[in-house]
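Take a look at the letters that make up each chain.
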Amino acid sequence: MRRQPLLKSALASHMREHASIYLFIIVLFLMGVIFGAVVVNSLNFSQKQDLYYYLMQFFGQVSKGNLASAYDMFQQSYFHNLKYVGLMWVLGISIIGLPIILILLFLKGIVIGFTVGFLVNQMGWQGFVLSFVSVMPQNFIIIPAFIIMGVASVTFSLKMVRNQFMKRTHEPIFPMIMRYALVMVIISVSLLASASLEAYVSPVFMKQVIQMVNN
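Quick summary incoming for the structure in this document.

Parameters at a glance
Residues numbered from 1 in each chain as written. Predicted model: local features only at pLDDT ≥ 70, side-chain atom pairs only at ≥ 80, totals over all residues. Heavy atoms only, no water. Helix = DSSP H or I, 4+ residues; strand = E, 2+ residues; numbered from the N terminus. Buried < 20%, exposed > 50% of the residue type's maximum accessible area, 1.4 Å probe, protein only. Contact = heavy atoms within 4.5 Å. Areas by Shrake-Rupley, 256 points an atom, 1.4 Å probe, with all protein chains shown as cover. Phe/Tyr/Trp six-rings, centres within 6.5 Å; stacked < 30°, edge-to-face > 60°. Lys NZ or Arg CZ within 6 Å of the ring centre and 35° of its normal.

Before going further, it helps to examine the overall build of the chain. Each helix and strand counted, the chain has 8 helices and 0 strands in total. Going from N to C terminus, the chain has its helices and strands arranged as α-α-α-α-α-α-α-α. Among the 215 residues that make up the chain, the fraction classed as buried is 36%. Counting only contacts in the chain whose residues sit at least 6 apart along the sequence, the fraction spanning at least 24 positions is 80%. Counting only carbon and sulfur atoms, one obtains 70% of the accessible surface of the chain, whose full area is about 12,900 Å².

The tally for this structure, following the rule as stated, stands at 9 aromatic pairs. A ring pair is formed by phenylalanine 132 and phenylalanine 140, whose centres lie 6.5 Å apart and whose planes are at 75°; its orientation type is edge-to-face. Take phenylalanine 132: its relative accessible area is 44%, and that puts it in the partly exposed class. Using a relative accessible area of 52% as the deciding quantity, one classes phenylalanine 140 as exposed. In this structure an aromatic cluster arises from ring pairing among Phe74, Tyr78, Phe79 and Tyr200. Stacked on the ring of tyrosine 84, the Lys or Arg lysine 108 has its end atom at 5.9 Å from the ring centre. A cation over a ring is seen here: lysine 108 above phenylalanine 146, with NZ or CZ 5.0 Å from the ring centre.

Below, the structure is given as structure tokens:
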């Protein structure tokens, strides 16, 4: 029973200590989402038609159940996101990778913003519903996981810089790396849940929404 108050206290302390970094990362990610949505409007008519055609082909496959097996989708989703956060983790250790971490987070926001923006732009409220069931379920886990990984990577990178160039604030490296590795393990486990949603839940909802739209 005593672990829960201790855990809450540790989380609260962590949030206070890194509030400015969390705010910066969240704003950066939201800027990526907005930029991705704006990019949709910059596409010309031909580009939109081509993308819409491929989108309709994909939705046709979904409605007929011609997608890859759920297990294949699970593996693809999990390892894609795991590689993404793994790259961020490695960049955090490298020190010089700090700007690339921020770029990766911005790009992730662009992808989500573009996907949702394009569906809404082409299909109106139906596109919004479709994006909600196809994009959002797994991203309720993926987005916080990426933000936490981003904060952990940036924080670790900044601590490494301080250790290298500011001798007064020297901190033992091994405990830092162990805490950093623990964050990666927790994020990796959380991505199992997001991959499960993407592979086993989202396609079911998508099929129902597509059939509703077609009717």
